[in-house]
Each structure stands twice: as structure tokens, then as C-alpha cells.
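Below are the chains, spelled out letter by letter.
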Amino acid sequence: MLLFPLLISVGCDSGKIEVADDTGGRDTDTDSDTDTDTDTDTDTGPAYTVCGDGTAPHTEIADAIDAAADGDVLYVCAGEYAGFSVSGRTLTLTGDGSLTTFVDGDDTVAVVIEDSNVTLQGLSLTGTADFDLGTSALWIAQSTVSAADLRIHDGDDLGGNAYGVLLDDSDSSWDHVTFEDNALSAVFAATNGGSVVMRYAVFTSNAPSSRGGGGQVLYLDVDDFEVSNSLVYGNEVSGTSLVDLRDGTDGWFYNAVVHDNVGGDSAIAAGGASTVVENCIVSLNPDAIGVNTYGGATVQYTDAWGNERNFGGTASVGATNLEADPRFTNSAGGDFTLQAGFSPAIDAGNPLAGYNDADGSPNDMGA
């Protein structure tokens, strides 16, 4: 089980790697010393391509894209930048971090990606406050996109993004992405196929109906998907499902927590005949059916508790599904780990060896 704060930033630890060789331990440096290594090289970090203060070749991301060759990596230092578009390109854009590098579309979409192969990481995106279809922080069409350490949100504009992300006929992967305070759907993936792979995502404070929103928090109508180790909590919808896995979509929704959301007719609605919902905890969604199936979806090794009704459709409590308080450590504080010795969800996930936790014990339910 993992602890998810409201905002997630991804980093990496760097260290010296010792590599064995056949030199007998003698000095192989090109300097003239006789010690094992007295080189003074230091890692000064990336050579920034874009900095708003003028210390890099470009002050705006759009200008750097225009000047780049396919395959280039563009490094963006901390700061605030205008929106940009990528069309027909292969590029990597790496910001300083999702808590420090901001792209604001102002009165339009922050980032538009069309017919491209793009990696986005370390950025915070906010777009238009309009509710017209097509308005979003990030719009992706006919593209392949890999995203990591992103925050997609409404910023300081109380109108909010109409959508966080709109996906059209695209293949996308999402790793450690926070979707927060978007006025309609956080992710709306529909029409013309495509695929979605999502891990360690957080969806919170999206679609508050008091602001005129109400779309699904996560809507997937794609060829196939895989969503895992993710949190959906503290959202508000009206008249629809929080997580909508559409009929005709094949995929796997597993090791997720859907907790304490307001409104909606289902916390998870699963429709595809080849869709599997498993190892999940769906709890305290007072207005919604916890897990509701149609079209032949499978629900197994899932704990649904404290919802308006815990299971619907063909899903039911039984040999593998539970209806019990999962006993989170401190869900009000964002800690969705399970209380050792008390939670019935510990070791209650799919018992097949391939699902085992890192310590070799049976998989827990939840994120």
C-alpha cells in the first residue's frame, strides 16, 4: 500500500555506481595522479533550453519547439510559461517539476498535441475556464504520449478547466500524474480507439457540481486500458459515474481506491465484456453504487463498503469480494495504507503468485 499526498512530485536519487573491471585495481584515469580517482567532475544538471529569465536560448516553450529537431529533449527551468502546440513532431519536454514549472493556456488549451510522439514530464498544466466541448488543459489527437510527474488542474481560475485531458485516437501512458480541481472530467478518452495505461494517478476535487460541472472523473471509451495503483477521492459529480469504463472497452482496473466521493449513480461502472475490476477498495461513496457492471465485466477480489449500495449488475459480494470497513490508516489525511492487524483487505487480493506484494505476501486490496 502507498501513501499519496494531494500533490505528487517525482524525483530520483543519484549516486556513484561502482563497476568492476579487469584492471587489477590500478588507476585508469587519464590524469597523472596515482590514486584511484581524484577527478573533480561534477553534475551541473541539464543545460536548460527554456528559461523565462533569459538565461537559456529561449524564454518560451513554443519558440524552443519551433527551433528543435525531431528527437530533441527540451529542458524547461522553473517558472511560468504560455501554452504551446506540438504538431507532427517527435520531442521530449522536461520541466523542472510539476510544483515549479507552470504552463497556463490562459483563455485556451494549455497544450495541444497532434500527430506527434511526445514525452511530457515535470510540468503543471492549466487551461481554459470555458465549458465548451474541446476546452481542456491538455488535448491529444492521433498521437503517442508518455506523461510523468504532471499536475493537471484549474490553477487560480475559479472557472476551472472544462476538462483536464481530452484524448482522441491516441495511445497514452501516465505515471504519477495528479488531476485536481477540473470542472468537468479529469480524463475524457473517447472516439476512434486508442489505449490508456495509467499508474500511480491521483484524482481529487474534480467535477464539483456546484461549479456547473458533473462529468465523469475518469471516462474511458478506448480499445484497451490498464489503470492501477491509483486514487479517486474527494470528487463531486452529478447524474453520472465517477469512473466510467465503457461497454466495448477492454481493460484492467486494479489495485485502486475510490473513496469518499459525492454524487453520481456509480463509483465504478464497468461495461466491457473483457473488463476486469479487481483488488480495489470502493468505500464511503454515499450516493452511488460502489461497483456496477453491465455488458459482462468481471469484479473480483474487491472490497465495497459504505456506499449507497455496494454492488450492482452482475457484481456481488461472494467468495472473493468483501463488504467490510477497509480500515485505512488515516483517509482524512490522505493516508490510504491499511491498518496492520485490523484491515480485512490485507492479503485479500488475487492470490495468484504473480500478484504477490514485494515482500512475497499475497496482494492487498487497494492502492
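Quick summary incoming for the structure in this document. (Residues numbered from 1 in each chain as written. Predicted model: local features only at pLDDT ≥ 70, side-chain atom pairs only at ≥ 80, totals over all residues. Heavy atoms only, no water.)

**Describing the overall build of the protein**
Turning to step 1, where the next piece is worked out: When helices and strands are tallied, the protein shows one helix and 29 strands.
Turning to step 2, where the next piece is worked out: Among the 367 residues that make up the protein, the fraction classed as buried is 50%.
Turning to step 3, where the next piece is worked out: When the accessible surface of the protein is summed, it comes to about 15700 Å², and 47% of that surface belongs to carbon and sulfur atoms. (Helix = DSSP H or I, 4+ residues; strand = E, 2+ residues; numbered from the N terminus. Buried < 20%, exposed > 50% of the residue type's maximum accessible area, 1.4 Å probe, protein only. Areas by Shrake-Rupley, 256 points an atom, 1.4 Å probe, with all protein chains shown as cover.)

**Overview of the side chain of Ser 361**
Turning to step 1, where the next piece is worked out: Within the fold, Ser 361 resides in the segment after β29 (335–338).
Turning to step 2, where the next piece is worked out: A polar side-chain atom of Ser 361 sits 2.6 Å from a polar atom in the side chain of Asp 359.
Turning to step 3, where the next piece is worked out: Sequence-distant contacts of Ser 361, that is, excluding residues within four places in its chain, are made with Asp 347 and Asn 356. (Polar contact = N/O pair within 3.5 Å; in protein donor to acceptor, adjacent residues only side chain to side chain. Contact = heavy atoms within 4.5 Å.)

**Things to note about a negative patch on the surface**
Turning to step 1, where the next piece is worked out: There is a patch of like negative charges on the surface, built from Asp 169, Asp 171, Asp 223, Asp 224 and Asp 250.
Turning to step 2, where the next piece is worked out: Structurally, Asp 250 can be placed in strand β19 (residues 250–254). (Patch = residues over 30% accessible without salt bridge, like charges linked within 9 Å, V, L, I, M, F, W, Y side chains within 5 Å. Salt bridge = Lys/Arg side-chain N within 4 Å of Asp/Glu carboxyl O. Lys, Arg positive; Asp, Glu negative; His and termini not counted. Charge placed at Lys NZ, Arg CZ, Asp CG, Glu CD.)

**Quick word on the sheet that holds strand β3 (residues 84–87)**
Turning to step 1, where the next piece is worked out: Taken together, the ten strands give an open sheet; going across it, the order is β3-β6-β8-β10-β12-β15-β18-β21-β24-β27, and neighbouring strands pair in parallel fashion. Two strands lie at the open edges of the sheet, namely β3 and β27 (309–312), each paired on one side alone. This sheet shows a mean twist of 10° between the axes of neighbouring strands, independent of strand direction.
Turning to step 2, where the next piece is worked out: Pairing geometry for strand β10 (residues 163–168) and strand β12 (residues 187–189), over three bridges, is parallel. By the bridge assignment, Val 165 is partnered in β12 with Val 187. (Pairing = 2+ DSSP bridges. Axes fitted to C-alpha atoms, helices over the stretch in contact; angles between N-to-C directions.)

**Some details on the pairing of β29**
Turning to step 1, where the next piece is worked out: In β29, alternate side chains face the same way, and those of Asp 335 and Thr 337 on one face and Phe 336 and Leu 338 on the other are all buried.
Turning to step 2, where the next piece is worked out: In this sheet, β29 lies alongside strand β28 (residues 328–330) in antiparallel orientation, the contact comprising two bridges. The residue bridging Asn 330 from the neighbouring strand is Asp 335, located in β29.
Turning to step 3, where the next piece is worked out: Following β28, the chain reverses through four residues before pairing antiparallel with β29; Gly 334 in that reversal takes a positive phi of roughly 85°.

**Details of the side chain of Thr 240**
Turning to step 1, where the next piece is worked out: If you trace the backbone, Thr 240 turns up in the loop between β17 (231–233) and β18 (241–245).
Turning to step 2, where the next piece is worked out: With relative accessibility at 12%, the residue Thr 240 sits in the buried group.
Turning to step 3, where the next piece is worked out: A distance of 3.2 Å separates polar atoms of two side chains, one belonging to Thr 240 and the other to Gln 216.

**Some details on the state of the cysteines**
Turning to step 1, where the next piece is worked out: Applying the stated rule across the entire model yields one disulfide.
Turning to step 2, where the next piece is worked out: Put simply, Cys 51 and Cys 77 are joined by a disulfide, and their sulfur atoms are 2.1 Å apart. Of this pair, Cys 51 sits in the segment before α1 (61–67) while Cys 77 sits in the loop between β1 (73–76) and β2 (79–82), and the two are 26 residues apart along the sequence.
Turning to step 3, where the next piece is worked out: Accessibility expressed as a relative area gives 8% for Cys 77, which makes it buried. (Disulfide = S-S within 2.5 Å.)

**Considering the packing of aromatic side chains**
Turning to step 1, where the next piece is worked out: Under the criterion given, the structure shown has seven aromatic pairs.
Turning to step 2, where the next piece is worked out: Ring geometry for Phe 328 versus Phe 336: centroids 5.2 Å apart, planes at 80°, classification edge-to-face. Comparing Phe 328 with Phe 336, the two get one shared label, buried.
Turning to step 3, where the next piece is worked out: Site record: aromatic cluster; members linked through ring pairs are Trp 174, Phe 179 and Phe 203. (Phe/Tyr/Trp six-rings, centres within 6.5 Å; stacked < 30°, edge-to-face > 60°.)

**Re the environment of Tyr 75**
Turning to step 1, where the next piece is worked out: Among the secondary structure elements, Tyr 75 is positioned in strand β1.
Turning to step 2, where the next piece is worked out: The partly exposed category is assigned to Tyr 75, whose relative accessible area is 29%.

**Concerning the environment of Ala 47**
Turning to step 1, where the next piece is worked out: Along the polypeptide, Ala 47 turns up in the segment before α1.
Turning to step 2, where the next piece is worked out: Here Ala 47 falls in the exposed class, since its relative accessible area comes to 63%.
Turning to step 3, where the next piece is worked out: Along the primary structure Ala 47 and Cys 77 are separated by 30 residues, whereas in three dimensions their C-alpha atoms are 9.5 Å apart.

**Some remarks on the pattern of salt bridges**
Turning to step 1, where the next piece is worked out: Applying the stated rule across the entire model yields four salt bridges.
Turning to step 2, where the next piece is worked out: Between Glu 226 and Arg 199 there is a salt bridge, with its nearest N and O atoms 3.5 Å apart. Remark: Arg 199 occurs in strand β13 (residues 194–199) and Glu 226 occurs in strand β16 (residues 224–228); sequence separation between them is 27 residues.
Turning to step 3, where the next piece is worked out: With relative accessibility at 35%, the residue Arg 199 sits in the partly exposed group.

**Description of unusual backbone geometry**
Turning to step 1, where the next piece is worked out: A positive phi angle, close to 55°, is found at His 176, a residue other than glycine.
Turning to step 2, where the next piece is worked out: A residue is classified by how much of its surface remains accessible, and His 176, at 25% relative accessible area, is partly exposed.

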